[in-house]
Each structure stands twice: as structure tokens, then as C-alpha cells.
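# Architecture at a glance
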Amino acid sequence: MTALSRTPRFTTAIAVEAHKLRRSLALLLATVAPLLIAVFVFFNLLRGEKPAPWTMSLQSSAAIWAFFMLPMSITALTALVAQAEHGPRAWDHLRALPVPRWHLYAAKAICMLALVAAMSLLLAALTSLAVVGAGIAKPAIAATGVLDIAGYLRLLGRTFLASWLLVAVQLWIALRWASFVPALATGIAGTFFAVVATSAKVGVAMPWQIPVNQLASDPARADLALALGLAGGMVCFALMLWRMGQREMPA
């Protein structure tokens, strides 16, 4: 079978996976997580008495996102995505279909990355609205300076690319074990150690800490973390597709 003839099957697998996401809690979580950060930024600004620069508000939002909300959201989302098959024990049926097995897992990986990218864009929009809304509600603290939305999107884009290794690791664990406990335990533990070891040198290569390194004051550390997160994610995704495709059924 040629690569061209396999393409429709792969796009169908992605479409089916996207349809399953719409019927799950994944979209709700993907909306609530950025919204919580925007709500925090809004009320935090209202507590102040002086105007805050746009840069400070956007940096604060990006820090909360990369430091805590992104790794925890990825942990929960990958568990939800995997449980769509683990819960009803649907793997036997799916793996009996005339579709290459790696299509099933690749579709999940692509949908997960698309969700994280969409959450990043939503965060940018909601944070901007939160800062504007706070200025309207309390004119004395209206943001000063210029809204550098391009720079903010660039930062969120780097954070997204740096999170690929984290997505790959958490998705692999969630798919490998039918129970959601290993994936959640790994994600919580990884986020905890990333929080308590923020400045550790090993953090530049720790999947749960790589995204927040994009806010590091040292450009070299940020660039290294980006390279490790993106390249490591590609390698981990490839290994996941190969290894999971060899298994008879996740257990």
C-alpha cells in the first residue's frame, strides 16, 4: 500500500479522535485552565493601587502557565485522552481495524499537541482581555506601556514547542497503563519536583520544568531547554509510536 493511499486513513483517524475529544471533558478543561489564569490576573491587578506595565502582566500570566498550569493540564488531558479507550476497553476493537496501529496513537498525539496550542492562543486572548477589563473596572490601575502581543505570542509559542517532550512522556504513560493512576502520579510528582527545584541545573532537561525555562533570564538556558523539549519530544513520540505499535494491547 502506498503512502498516498494510507493518507485518507490517517486523516480519518485524526477526525475520529477529534470527535471523541468533543464528547469528553477535554475541551472543558482546555478552556478552564487558561480562563483561571486570566481570572487570577484580573483580580490581582484590581488589588493594586498603581498601574502595572503590560509586560509585567503578560509575564506573570506566562509564568503561571509554564510553571504550574501547563504541566498539570497536560497531565490531566493525556489521562482523559487515553481513558477514552481504556475506560470502555475499546483497544481490542480498534486494533482489529484495517488501520496501521501507529495511526491510532499518532492521531492522539496530534490532537494533544493541537489542544495545547489552542490553549496557548486562548491564554493570550483571555489575559489581554483581563488586563483591559481590569483597567476599565479600575481606571487608576490601567495598564501602561505598549501591548507587545507579538512578543507574548512568541514566548507562548516557544513554551508550547518546549512542552513537546512533556506531552510525549505523559501521553506514553497514559496509553501504556489502563489505570489513570500512573499518569497522574507521574505528572503530579514531576510538577512538584519542578516547583521545588526551579533553579537546579538538571531542570533544563526535566520535561516538567523545560517549558518554564523559556522565561529564564539566561537566553542560553532558554534556547537549550527549547531544543531539548522539541527534539526530545519528536524522539519520544517516535519511540512511543514504534513501541505501542508492537504491543498487543495496553494493560
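For the structure, check the block above.
Residues numbered from 1 in each chain as written. Predicted model: local features only at pLDDT ≥ 70, side-chain atom pairs only at ≥ 80, totals over all residues. Heavy atoms only, no water.

## Thoughts on the overall build of the protein
Under the convention used in this document: Helix numbers and strand numbers start at the N terminus; a helix is a DSSP run of H or I with at least 4 residues, a strand a run of E with at least 2. Relative accessibility under 20% of the residue-type maximum defines a buried residue, over 50% an exposed one, and the middle range a partly exposed one, all with a 1.4 Å probe and only protein chains included. In this description, contact between two residues means that some pair of their heavy atoms is separated by no more than 4.5 Å. Here the open area of atoms and residues is found with the Shrake-Rupley method and a 1.4 Å probe, where only the protein chains shown may cover a residue.
Across its full length, the protein carries 9 helices and 0 strands. Secondary structure elements of the protein, listed N to C terminal, follow the sequence α-α-α-α-α-α-α-α-α. Evaluated residue by residue, the protein yields a buried proportion of 43% over its 251 residues. Partitioning the intrachain contacts of the protein with sequence separation of at least 6 by distance along the chain shows that 80% fall at a separation of at least 24. Split by element, the accessible area of the protein, about 12,200 Å² in all, is 73% carbon and sulfur.

## Remarks on the environment of Val81
Inspection of the secondary structure puts Val81 in helix H3 (residues 54-86). Separated by 55 residues in the primary sequence, Val81 and Ala26 have C-alpha atoms spaced 7.5 Å apart. Ignoring anything within four residues of it in the chain, the contact list for Val81 reads Glu17, Leu21, Lys108, Met112 and Leu171.

## Some remarks on the packing of helix H7 (residues 164-176) against helix H8 (residues 181-196)
Definition in use: Fitting a line to C-alpha atoms yields each axis, with helices limited to the stretch in contact; the angle taken between N-to-C directions then spans 0 to 180 degrees. Any angle between 65 and 115 degrees counts as roughly perpendicular, while under 35 counts as roughly parallel, over 145 as roughly antiparallel, and the rest as oblique. Amino acid classes used here: Ala, Val, Leu, Ile, Met, Phe, Trp, Tyr, Cys and Pro are nonpolar; Asp, Glu, Lys and Arg are charged; the rest, including Gly, are polar.
Contact pair H7 / H8: the axes reach a minimum separation of 7 Å and the direction vectors enclose 155 degrees. In terms of orientation, H7 and H8 fall into the roughly antiparallel class. Note on element contacts: H8 touches H7 through Pro182, Ala183, Thr186 and Gly187, opposite Gln170, Ile173 and Ala174. For the contact of H7 with H8, the class distribution of residues is 4 nonpolar, 3 polar and no charged.

## Describing a nonpolar patch on the surface
Just so we agree on the cut-off: Only residues whose relative accessible area exceeds 30% and that take part in no salt bridge are eligible for patches, with like-charged residues grouped when within 9 Å of each other and nonpolar side chains (Val, Leu, Ile, Met, Phe, Trp, Tyr) grouped when within 5 Å. Salt bridge, as applied in this entry: a Lys or Arg side-chain nitrogen positioned within 4 Å of an Asp or Glu carboxyl oxygen.
The grouping of Leu25, Leu28, Val32, Leu36 and Leu80 at the surface amounts to a nonpolar patch, some 430 Å² of accessible area in total. Sort the elements by how many residues they give to the nonpolar patch and helix H2 (residues 26-46) lands first, with 3 residues. Residue position: Leu25 is located in the loop between helix H1 (3-22) and H2. Leu25 gets classed as exposed once you look at its relative accessible area, which sits at 55%.

## Quick word on the side chain of Ser128
The residue Ser128 is located in helix H5 (residues 101-137) in this model. Leaving out residues up to four positions away in the same chain, Ser128 has contacts with Trp54, Leu147 and Ile149.

## Overview of the pattern of salt bridges
Any two side chains of opposite charge can pair, given that their charged atoms come close. Here the structure, examined in full by the defined rule, presents 2 salt bridges. Between Lys138 and Glu49 there is a salt bridge, with its nearest N and O atoms 3.6 Å apart. Note that Lys138 is positioned in the loop between H5 and helix H6 (149-162) and Glu49 in the loop between H2 and H3, a separation of 89 residues in sequence.

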